[in-house]
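The primary structure of each chain is shown beneath.
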Amino acid sequence: MRVHVISDMEGVAGIVKWEQTTGGESLYEEGRKLYTEEINAAVRGAKAGGATEIVVMDCHGAGKGWTFNSLIPDDLDPACEFVVQDERTEYTDFLEQGCDAALFVGMHSRAGTADGVMNHTISGRDFQNLWFNGTLVGETGINAALCGTWACPVLLVTGDDASCREGRELLGEGLTTVAVKRGFSSFSARNVTPARARELIEEGAKRALSDLSAVPPYDPGRPCEITVEYKNTNAAHALRFRAGVERTGERTIVSRADTWWEAWKQFYF
């Protein structure tokens, strides 16, 4: 069984501040350690659930050379291999080869979620809202659509209560979720201890892989229309002549294509 672990930092137990997720900050090294150990828990659970090949992909933008490179390689479980990509959604090789399941670890909720710890979508500096064929999504939706492009189902989402709820609403109640904290503002949360979070994630990953048909691969629909509302006018202005992309407002663009992947590539790369 081939399993893709896709991870982010903000949904990790004990992480509630940007200083824990931003490269170069004094608290970042603490955040990296917490992050890597939750990834390891998912790897252990996947292995116990029958995985024979596990590839981890870090999807956290920490700034500078740490972007998509926040985990601590020397501390990773040797049962996995890991990817360092340069751009979000750049690495697709493992999916293209055929992947049986994806496990999402450390997810955060989309921008504007009141109880979502450190809620944002892609870059909190640039993106306000994102829709796939009229459905409001966050980064869980982006990663799920990427996996779904190559028929890989997402079977697990871990993070705070809000990100788990978002995952179930998008992917269905068959999704296994593991909540490791409950937010009561953007930068405040009630957390389970890191040790307990790892136990829950390991068990959740193993349980999720017990039924590979529990969640169908996510497809936003065909043809696909991706709508992006930016926080500023510059981003929309820069895309006004991009093929397949229409500027529909001062801060809004729409990318249209036959498939989600084509629509995504038209404006994002």
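Up top is the structure these notes are about.
Description of the structure in this document.

Analysis parameters
Residues numbered from 1 in each chain as written. Predicted model: local features only at pLDDT ≥ 70, side-chain atom pairs only at ≥ 80, totals over all residues. Heavy atoms only, no water. Helix = DSSP H or I, 4+ residues; strand = E, 2+ residues; numbered from the N terminus. Contact = heavy atoms within 4.5 Å. Pairing = 2+ DSSP bridges. Salt bridge = Lys/Arg side-chain N within 4 Å of Asp/Glu carboxyl O. Buried < 20%, exposed > 50% of the residue type's maximum accessible area, 1.4 Å probe, protein only. Lys, Arg positive; Asp, Glu negative; His and termini not counted. Polar contact = N/O pair within 3.5 Å; in protein donor to acceptor, adjacent residues only side chain to side chain. Axes fitted to C-alpha atoms, helices over the stretch in contact; angles between N-to-C directions. Parallel < 35°, antiparallel > 145°, perpendicular 65-115°, else oblique. Left-handed = near helix turned anticlockwise from the far one by under 90°. Nonpolar A, V, L, I, M, F, W, Y, C, P; charged D, E, K, R; others polar.

1. So, the environment of D77
In step 1: Structurally, D77 is set in the loop between strand 2 (53–58) and strand 3 (81–83).
In step 2: Each C-alpha atom, one on D77 and one on A42, is 9.8 Å from the other, the two residues being 35 residues apart in sequence.
In step 3: Every residue in contact with D77, bar those within four places of it in the chain, is listed here: N40, V43 and R44.

2. Here's the deal with the pairing of strand 9 (residues 188–191)
In step 1: By the bridge criterion, 4 bridges tie strand 8 (residues 176–185) to strand 9 in an arrangement that is antiparallel. Counted as the bridge partner of K181 is N191 from strand 9.

3. What about the pattern of salt bridges?
Two side chains that carry opposite charge are able to pair once their charged atoms sit near each other.
In step 1: A complete count under the given rule lists 15 salt bridges for this structure.
In step 2: In this structure, R251 and E229 form a salt bridge, with 3.2 Å as the shortest nitrogen-oxygen distance. Note that R251 is positioned in the loop between strand 11 (245–247) and strand 12 (252–257) and E229 in strand 10 (residues 224–230), a separation of 22 residues in sequence.
In step 3: With relative accessibility at 16%, the residue E229 sits in the buried group.
In step 4: Connected through shared salt-bridge partners, K33, E37 and D75 make up one network.

4. Here's the deal with the side chain of T140
In step 1: Considering the arrangement of structural elements, one finds T140 in helix 3 (residues 139–149).
In step 2: A relative accessible area of 1% means that T140 is categorised as buried.
In step 3: When sequence neighbours within four positions are dropped, the list of residues in contact with T140 reads F104, M107, H108, V157, E166 and G167.

5. Some points on helix 4 (residues 161–171)
In step 1: Within the span of helix 4, buried status applies to A162, S163, C164, E166, G167 and L171.
In step 2: Buried residues belonging to helix 4 abut strand 4 (101–107), helix 3, strand 7 (154–160) and strand 8.
In step 3: A positive phi of about 105° marks G172, the residue just after helix 4.

6. Regarding the pairing of strand 4
In step 1: Burial analysis of strand 4 places 7 of its 7 residues in the buried class, the great majority of the element.
In step 2: Summarising the sheet, strand 1 (residues 2–7) and strand 4 pair through 5 bridges and their orientation is parallel. Residue pairing across strands places I6 opposite F104, the latter belonging to strand 4.
In step 3: With 4 bridges connecting them, strand 4 and strand 7 associate as parallel partners. Paired with F104 across the bridge in strand 7 is V157.

7. Quick look at the side chain of D8
In step 1: Here D8 shows up in the loop between strand 1 and helix 1 (28–48).
In step 2: One buried charged residue, D8, forms no salt bridge at all, with the nearest opposite charge on R88 at 5.3 Å.
In step 3: Separated by 3.1 Å, the side chains of D8 and H60 make a polar contact.
In step 4: In contact with D8, not counting residues within four places along its chain, are Y35, C59, H60, V105, G106, M107, H108 and E139.

8. Some words on the packing of helix 1 against helix 5 (residues 194–208)
In step 1: Here helix 1 crosses helix 5 at 30°, and the two axes come no closer than 7 Å. Compared by their axis directions, helix 1 and helix 5 come out roughly parallel. Helix 1 and helix 5 meet at a crossing whose hand is right-handed. Side by side, helix 1 and helix 5 meet where L34, E37, E38, A41, A42, R44, G45, A46 and A48 of the first sit next to P194, A197, R198, I201, E202, A205 and K206 of the second.
In step 2: Looking at the contact of helix 1 with helix 5 residue by residue, the classes come out as 9 nonpolar, 1 polar and 6 charged.

9. Regarding the sheet that holds strand 4
In step 1: A sheet is described by the order of its strands in space; here 7 strands give the open sequence 3-2-1-4-7-8-9, paired in mixed fashion. Edge positions in the sheet fall to strand 3 and strand 9, since each has one partner strand and no second. The mean inter-strand angle of the sheet, taken between neighbouring strand axes irrespective of direction, is 25°.
In step 2: Judged from the 3 bridges that link them, strand 2 and strand 3 form a sheet pairing that is parallel. Looking across to strand 3, one finds that V55 is bridged to E81.

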